[in-house]
Amino acid sequence: RMSIAAWKAAPSPPVGPRLGQLGLPIMQFCKEFNERTAAFILGVPVNTRITAYEDRTYKLDLFTPPTSYFIKRCAGVERAAGAIGKEIVGKISPKMVY
């Protein structure tokens with residue numbers, strides 16, 4: 001399992017080393033991932049599950065972005081609070097959620 005930014009799969013870390021140790025074709029994976037995430041907004045983190053097989057093939061499963069990404073985006077913050085329950089970094093109204 002990995003979280004990779006949409007349209008940004010590249011042979012560099014963290015994707016390259018992770019696939020390299022499994023013996024998977026890195027460039028083929030990057031092209032397929034970038035094609036399949038073309039409908040996403042650039043840079044949205046996409047939860048990904050890669051199942052590697054012995055014949056060096058793989059199965060790529062894409063899942064929805066993490067809920068925390070959408071909450072931070074609605075609140076207009078880049079990072080969550082450092083002290084949970086003691087620090088408020090943003091507010092979200094019910095109107096923003098629905």
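Located above this text is the structure these notes cover.
All of the points below concern the structure found in this document. Quantities reported herein were computed from a predicted structural model and do not represent experimental measurements. (Residues numbered from 1 in each chain as written. Predicted model: local features only at pLDDT ≥ 70, side-chain atom pairs only at ≥ 80, totals over all residues. Heavy atoms only, no water.)

**Let's talk about the pattern of salt bridges**
Part 1 of the argument: With the rule as written, the count across this model stands at two salt bridges.
Part 2 of the argument: Across the pair Arg36 and Glu32 runs a salt bridge, and its minimum N-O distance is 3.5 Å. Highlighted residues: Arg36 and Glu32, both in helix α2 (residues 26-36), separated by four residues, approximately one helical turn.
Part 3 of the argument: With a shortest N-O distance of 3.3 Å, Arg49 and Asp61 are connected by a salt bridge. You can see Arg49 sitting in strand β2 (residues 45-52) and its partner Asp61 sitting in strand β3 (residues 58-62), a full twelve residues away along the chain. (Salt bridge = Lys/Arg side-chain N within 4 Å of Asp/Glu carboxyl O. Helix = DSSP H or I, 4+ residues; strand = E, 2+ residues; numbered from the N terminus.)

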